[in-house]
Each structure stands twice: as C-alpha cells, then as structure tokens.
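# Observations on the model geometry
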2 protein chains.
Amino acid sequence: MSTRTARQIVLASRPEATPGPEHFRTETVDLPELTDGDIEVKVHYLSLDPYMRGRMSDAKSYADPVPVGGVMEGETVSEVVASKNPDFAEGDLVLWRTGWVDAAVIPAAKVHTVRKLRTFGAPETTALGVLGMPGFTAWAGMKFIGKPQAGETVAVAAASGPVGSMVGQLAQLAGARAVGIAGGEKKCAWVSDGIGFDAAVDHRDPDFYNNLKAACPDGVDVYYENVSGPVWDAVRPRLNLYSRVPVCGLVANYNTGGLGDHDRLPATMNTILTQSVLVRGFIQTEFAEHYDEFLDEIGPKVADGTIVHKEDIVEGLENAPEAFIGLLEGKNFGKLLVKVN
Amino acid sequence: MSTRTARQIVLASRPEATPGPEHFRTETVDLPELTDGDIEVKVHYLSLDPYMRGRMSDAKSYADPVPVGGVMEGETVSEVVASKNPDFAEGDLVLWRTGWVDAAVIPAAKVHTVRKLRTFGAPETTALGVLGMPGFTAWAGMKFIGKPQAGETVAVAAASGPVGSMVGQLAQLAGARAVGIAGGEKKCAWVSDGIGFDAAVDHRDPDFYNNLKAACPDGVDVYYENVSGPVWDAVRPRLNLYSRVPVCGLVANYNTGGLGDHDRLPATMNTILTQSVLVRGFIQTEFAEHYDEFLDEIGPKVADGTIVHKEDIVEGLENAPEAFIGLLEGKNFGKLLVKVN
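- Chain A is annotated in an unreviewed UniProt entry as Putative NADP-dependent oxidoreductases of Corynebacterium variabile.

See below:
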C-alpha cells in the first residue's frame, strides 16, 4: 500500500457566526486493511464549496450536519492506489465524497456511489467545478427552472465563480443577455472580458444599485439566486413579469441572520405577486438523473473552450480551513480547490 | 329609460394606511343618451374584494390605480334595462366592471368585454363569488400552481372567504387534506362544520402557531397564500419538501409595511432553499382563457351543492365604503357583496 495513514480535518466546534480556524482540527488516523470489494484512494483535489457552511451548523437543512469531531464533508478527485474491487484498477481517477482527507478506504458497500471521471479530455480538476457539482447546479437550475429565452436578460451573482460563470454562459447559449454581478474590479473584468458576459456589475461599488439598473435596461427575466442579501435587494425591483428565480444558495445569509432591523419580506412578496414571479429553491441532487445528459451536452464545450472557467487552487490539505473561510468572504477567484497530493 | 342618472362612489383621496370613510365620496351624474351599440344596465350586486385596496394606492402594481376623483373600480352583476345592441336584450343579466355605481351606460366599443351570466341554475350572486373572479382565482392557483395530490395537506388562510373556501374544497376533491385558517370561533366553525374542511385553526388564538402545527402533523404540501403576515410565519416552518405556494394576495401587508423591526426574508429564503419550495405569484387574468373550463367543471358542483359557499350581502351602494373597510379588517363573513338595486 502506498498510504496506510490518512490526515483528515474535522469539525472542532460549531461556529456561531463566521467560522474561524478554531472551528477545525487536523488529525491523523490509520487506514483499515482492505477487504473484498474495497478500494483505497489517494486524494488529488478537494473541492471547497459554500454549502459546507451549512453542514457546520445544526439548523434544519436539506442534509444532516457534520457532527462535532466528524470529518468535514466534501467531494474529491482521487486516484485509486489499491483495489480489491474488479470494477476499479490502480490509476483510475474517481469522484467521491471522501471529505477533507488526503487518503481514504472506500468500503465495498459504498463503492457503487463512486463515479469514474468523464472529462472529455479536459483536466481532472474540471470534474469538481465546471463539469462537477457546481456546473451541474448551474445547468439544472437554468434548464428546469430558469428556462432562459432568446432576447431575455439573465442576472447572476458570484459571476466569476463556478456556478455563476456557467449560468451566464448557458444564458448566452440560449440567446439571452447575461449580466454578471461580482465583487471588485478584477473579478468584474474577468466576468466581462474573460468569460464574455454582456455586462458585469461590481456589488462593492457604492452605486451598485443604480449600476445594476443601468445594466438591465429591459429588466431581469431570470435571476439565478446564489447569494441573497443586498444583491437580492438590487435585483428584486428589476424583475419582469413572469420572471423566474432559481434559488440554489444564500451565501450572504450563512453567517448572519439578515440585513438588520428592516423587514424585507413584504417587499419581496409584493414583487412576487405583482410581477407573477416564480421562485423555486432546489438542490442539484433533485435532478441527479440528468447528470450524464449534462456531461454529454457541456463536457465537449468545456474541452474545446466554448465554455470557459477559472480555478483557484490552494496547495496542501492543511490550508483548506483558511481557504474555506476566505471563500465565504469572497476572497477566492474562480472555483476553489485544494491540491492535496 | 328606467334610470337617467347614476350614483357613483369615487376615490376622494389616497389613504396612507387604513382607508376610512373620508377617502370616499358619493356623486350623482347624468347618464349619456344611448347611441348605436350601447347598452344601459341597472346594477344588482357589486363585488367588494381585497385587491381594491391596491387600486387606491399609486404604488407600482399589476394594474393602474384609480385616479383621485375617479370611480372606484369593481365588478358587478347588472340587468340590461335598455339596449341598442343586437347581442343584448332587456332583462339579460351581465357581468362587467361598472365600478361602484348603481347604473351605467356601457359604450358600444366596450360591449365585447361584457359577459352574460353562466350560473348553471345557481343564484346570480354566485357569478361574483364562487363562480366568479374569487372562485376562478382559487381554481387557477390550484390547477396550475398548487397541484394538490391525494394524501397531501393543503393549507389556506381566509378560509371562510370566497377564495379560501374554494381552495379547501378543491383540495378535498383532489383527495388532499384541507386545513383552513380563519379569524374567530364563528368562522372556524363554519370552515370545519359548514364547509367540511378537515381542520380549522383560529389565527386570533394566542396559541395559533402551535395549533396550526398540530393541525398539520404531516406538514404542508400546498400553502395557498392570500394573506401573508403572521399566518405565513406560522405556515413557513411546516412546508414540506417540494411544497408549492401560489401567491394571489397579501391582505396583511396592504395597510402596513410589515411585521416590524425583524427581517423575515432570510428565514423565508432559507425555507425555500432547504425545502425546494416553489413560490409563484399570479393574477387570475393570466389564466383567463381557462375561464369557461372552470365554469364547466365547477358550475354544476355549485348548483347541486357539492361545493358550498357563503355570502355576506350588505344593502345599499352608500354602505359600500364601510363594508369595504370592514373587509380589510376581516369583519365580513363569506363573499362580500353590496345589493345595489
């Protein structure tokens, strides 16, 4: 065996608000011997994603929280280094939720949930981003809820990130106008010039509200909601009749209860009513049966560069907590990954 | 001619919050002579509905506001008393938006928007309630958005009213459990015993939140939203995975900005996300092409008593303002109508 111990990062305690380094702890554990049907993997890349903030809390959610002392959850691209399973050979690249670890034994009973990578010639890291859960989240939300039409306007926040950048490009492939919202000049320049959105608006600009209005002269037909907070307040008055709002994330709410002492619900409900808006929350697993359809449609476009994407790769598992904390503050630039081995 | 003048109630000024008698004024005007294609009607019944509160304000909405000094808008059942139009004869009962008046001349150019009553033998008042706009609003929201399934739980507020009572009965026709929310013991007794909802919950009871929870042991799959406010706060935590929330009214927000100094939006968005909730605002006119389908399906059920309903009839056009103010306070009991002639 190449690896008989694993380093792992566990949840040391639950954060009340913003997570800090003190909420994580690194441990080293022995790996079990392989029995029939097991495989052992060496982790290449760990994906860090906003949803992980939710798993650190024990509030009711769509998934169980990580227990205190438990390994932080996460999806990885790994290489099979030992196999007692006829379906997997040494050297196979696989996708699985090993968590924040550098190596793992996947027990026989769970091997059926391991996917072999399909990247159409694109780098293996794409399996965690543009061709992975974030890309699929964007695709499913647009295909089944947002349904952009030619000539419409689609707005999305975190537009330089793996979900937002895909949303905008899918909008444009449908003939719609893509308006991206991002934090800071550098990200906005990438959104408009690097990815090619029709407009990019900086939510850190003091005149964000009016800049967004100017960027959406015909209103907004699809707002792909992945942040909430002040961006929602700026987009809401722009929503057109029969607009659609897929909701897949609320990053701005993860660390705070809201925007203070003003009740923003009546204005939201009033817009929903008067503009006949469709709002639909979703988790990408709802559409899991369409994953191969997504790969077949989008994979070749990523491999040939029709769909562009950006990665932000941090070296070393031990740096995962700091990178994750930065993700919640918008410090990453592109899909955040940790290179583990 | 039977009537050559008309009394009409106009908007005297715009209310800042709760409307009072001072926001209305009664006038008498001469009716014009009939020219070719015109019809003259004597109003039998005026419908009073919560949406009229919105028309008194000049805030952006789905319809233009009533101008100050203009006749209050509203739908009526009228009798044709004179006709210069071959499609209408004296004695015909018609449905039209005459406004708050006791008589009107409908000009030739607008006669194509006049409907003859189809009540399947039920009283003419039903054309303004259970077989009119309120009944159709309930039906359309359930058929195209709520989509109740057998075994599911459907909750609705203002359950003794014309929309809510229909929502519950449509839920039961679909095999779902109907939970009605109403204000006060008398209305709740009518909802459970008179209409036959599976449960009725009094939103004025100090223990409303827990009573609603107890009445929905399997959660809520469809919440037909027509009030917002504290009822939403009680229903929201009950919403099941993939639940649907048709939004057709927000009575509790019409006179106030919200529930005070607590931001209720993050909790709402969090529920939408974690439970994959569908929220969809709508105005019944979106589905107008299905109106005859609605009448064909529901009309016979109203006529034979399968679908029950309740009317609250106030005598005299001059009493319309007071009755309307009471409607916004929940004082009416059943579909509120004014008997004009």
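Having put the structure on the table, let's press on.
## Considerations on the overall build of chain A
- The number of helices and strands found in chain A is ten helices and 15 strands.
- Judged by the C-alpha coordinates and their principal axes, chain A covers about 60 × 45 × 35 Å.
- Burial statistics for chain A: of 341 residues in total, 57% are counted as buried.
- Carbon and sulfur atoms make up 49% of the accessible area of chain A, which totals about 13300 Å².
- Positive and negative side-chain charges of chain A, numbering 31 and 45 respectively, have mean locations separated by a distance of 3 Å.

## A few points about the nonpolar core
- One finds A:Phe294, A:Ile298, B:Phe294 and B:Ile298 to be the most contacted residues of the largest nonpolar core, which totals 76 residues.
- Excluding residues within four positions of it along the chain, A:Ile298 makes contact with A:Leu131, A:Trp139, A:Met166, A:Leu170 and A:Ile307.

## Re the sheet that holds strand E13 (residues 278-281) of chain B
- What the twelve strands build is an open sheet, ordered E10(A)-E9(A)-E8(A)-E11(A)-E12(A)-E13(A)-E13(B)-E12(B)-E11(B)-E8(B)-E9(B)-E10(B); its pairing is mixed. Looking at strand neighbours, the two that pair on one side only are strand E10 (199-202) of chain A together with strand E10 (199-202) of chain B, the edges of this open sheet. Averaged over all pairs of adjacent strands, the angle between strand axes in this sheet comes to 15°, irrespective of strand direction.
- Pairing geometry for strand E8 (residues 153-156) of chain A and strand E11 (residues 220-224) of chain A, over three bridges, is parallel. Across the sheet, the residue bridging to A:Val154 is A:Val222, located in E11(A).
- In this fold helix H8 (residues 265-274) of chain A packs onto strand E12 (239-247) and strand E13 (278-281) of chain A together with strand E12 (239-247) and E13 of chain B, with an angle of close to 65° to the strand it touches most, E13(B).

## Examining the packing of aromatic side chains
- Per the stated rule, a full pass over the model turns up 26 aromatic pairs over all chains.
- Ring centres of A:Tyr291 and A:Phe294 lie 5.6 Å apart, and the angle between their planes is 55°; on these two criteria the pair is classed as tilted. Residue A:Tyr291 and its partner A:Phe294 are both found in helix H9 (residues 291-303); the two are separated by three residues, about one turn of the helix.
- Residue classification places A:Tyr291 among the buried positions, given a relative accessible area of 10%.
- Among the aromatic residues, those joined into a ring-pair cluster are A:Phe136, A:Trp139, A:Phe144, A:Tyr224, A:Phe282, A:Phe287, A:Tyr291 and A:Phe294.
- When the ring centre of A:Trp190 is taken as origin, the NZ or CZ atom of A:Lys310, which lies over that ring, is 4.4 Å away.
- In this arrangement the basic side chain of B:Lys310 is found over the ring face of B:Phe333, its NZ or CZ atom lying 4.8 Å from the centre.

## Some remarks on the domain arrangement of chain A
Residue and element names in this part refer to chain A.
- For chain A, the assigned domains are domain 1 (5-129 + 309-339) and domain 2 (133-284).
- The gap between the C-alpha centroids of domain 1 and domain 2 is 28 Å.
- Summing the contributions of domain 1 and of domain 2, the shared interface buries around 1500 Å²; its carbon and sulfur component is 62%.
- Viewed at the interface, domain 2 and domain 1 are joined by zero salt bridges.
- Inspection of the domain 1/domain 2 interface yields three residue pairs in polar contact (both at pLDDT 80 or more).
- Along the lines of polarity and charge, the residues of the side of domain 1 that touches domain 2 split into eight nonpolar, six polar and seven charged.

## Concerning the environment of A:Leu250
- With respect to the helices and strands, A:Leu250 occurs in the loop between E12 and helix H7 (251-254).
- When its relative accessible area of 1% is taken as the criterion, A:Leu250 is described as buried.
- In contact with A:Leu250, other than residues within four places in its own chain, are A:Glu225, A:Asn226, A:Val227, A:Ser228, B:Met269, B:Asn270 and B:Leu273.

## Let's talk about unusual backbone geometry
Residue and element names in this part refer to chain B.
- Positive phi, close to 45°, is recorded for Lys-147, a residue that is not glycine.
- Checked against the element boundaries, Lys-147 lands in the loop between helix H2 (133-146) and strand E8 (153-156).
- In the Ramachandran plot, Ser-228 falls in the positive-phi region, its phi being about 65° despite a non-glycine side chain.
- Looking at where Ser-228 falls in the secondary structure, it is placed in the loop between strand E11 (220-224) and helix H6 (230-235).
- Overall, the relative accessible area of 2% leaves Ser-228 in the buried class.

## Quick notes on the pattern of salt bridges
- Counted by the stated rule, this structure contains 36 salt bridges over all chains.
- For A:Arg264, the salt bridge goes to A:Asp233, with nearest N and O atoms at 2.9 Å. Of this pair, A:Arg264 sits in the loop between H7 and H8 while A:Asp233 sits in helix H6 (residues 230-235), and the two are 31 residues apart along the sequence.
- Here A:Asp233 falls in the partly exposed class, since its relative accessible area comes to 25%.
- Here B:Arg264 makes a salt bridge to A:Asp263, at a shortest N to O gap of 2.9 Å. Of this pair, B:Arg264 sits in the loop between helix H7 (251-254) and helix H8 (265-274) while A:Asp263 sits in the loop between H7 and H8, placing the two residues on different chains. Across the pair, exposure class does not vary: B:Arg264 and A:Asp263 are buried alike.
- Sharing partners across several salt bridges, the network here consists of A:Arg4, A:Glu33 and A:Glu40.

## So, the side chain of B:Gln169
- With respect to the helices and strands, the residue B:Gln169 is situated in helix H3 (residues 162-173).
- With sequence-adjacent residues up to four places away left out, B:Gln169 is seen in contact with B:Ile195, B:Thr306, B:Ile307 and B:Val308.

## As for the pairing of strand E14 (residues 311-315) of chain B
Residues and elements named next belong to chain B.
- Alignment of E14 against strand E15 (residues 335-339), held across five bridges, turns out to be parallel. Looking across to E15, one finds that Glu-315 is bridged to Lys-339.
- A crossover connection joins E14 to the parallel E15 through helix H10 (residues 320-328); in handedness this β-α-β unit is right-handed.

## Comments concerning the side chain of A:Arg53
All names here are of chain A.
- When you line up the elements, Arg-53 lands in helix H1 (residues 51-55).
- For the buried Arg-53, no salt bridge is present, and the opposite-charge side chain at shortest range is Glu-16, 8.6 Å distant.
- In this structure the side chain of Arg-53 is engaged in a polar contact, spanning 3.0 Å, whose partner is the side chain of Ser-57.

## Describing helix H2 (residues 133-146) of chain A
- When you tally the buried positions in H2(A), you get twelve out of 14 residues, the bulk of the element.
- One or two steps after H2(A), the chain reaches A:Lys147, where phi turns positive at roughly 45°.

## Here's the deal with helix H4 (residues 185-195) of chain B
Residues and elements named next belong to chain B.
- All buried positions along H4 are accounted for by Lys-187, Cys-188, Trp-190, Val-191 and Ile-195. Seen from one end, H4 has its buried residues packed into an arc of 155°, which puts them on one side. Along H4, exposed side chains directed more than 90 degrees from the buried face belong to Glu-185, Lys-186 and Asp-193.
- On its buried face, H4 is in contact with H3, strand E9 (177-182) and E10.

What counts and what doesn't
Residues numbered from 1 in each chain as written. Chains lettered and ligands numbered in written order. Predicted model: local features only at pLDDT ≥ 70, side-chain atom pairs only at ≥ 80, totals over all residues. Heavy atoms only, no water. Helix = DSSP H or I, 4+ residues; strand = E, 2+ residues; numbered from the N terminus. Buried < 20%, exposed > 50% of the residue type's maximum accessible area, 1.4 Å probe, protein only. Areas by Shrake-Rupley, 256 points an atom, 1.4 Å probe, with all protein chains shown as cover. Lys, Arg positive; Asp, Glu negative; His and termini not counted. Charge placed at Lys NZ, Arg CZ, Asp CG, Glu CD. Core = buried A, V, L, I, M, F, W, Y, C linked by side-chain atoms within 4.5 Å. Contact = heavy atoms within 4.5 Å. Pairing = 2+ DSSP bridges. Axes fitted to C-alpha atoms, helices over the stretch in contact; angles between N-to-C directions. Phe/Tyr/Trp six-rings, centres within 6.5 Å; stacked < 30°, edge-to-face > 60°. Lys NZ or Arg CZ within 6 Å of the ring centre and 35° of its normal. Domains from an automatic or database assignment. Buried area = accessible area lost by both parts, 1.4 Å probe. Salt bridge = Lys/Arg side-chain N within 4 Å of Asp/Glu carboxyl O. Polar contact = N/O pair within 3.5 Å; in protein donor to acceptor, adjacent residues only side chain to side chain. Nonpolar A, V, L, I, M, F, W, Y, C, P; charged D, E, K, R; others polar. Right-handed = clockwise from strand over helix to strand, strands pointing away. Arc of directions from axis to C-beta.

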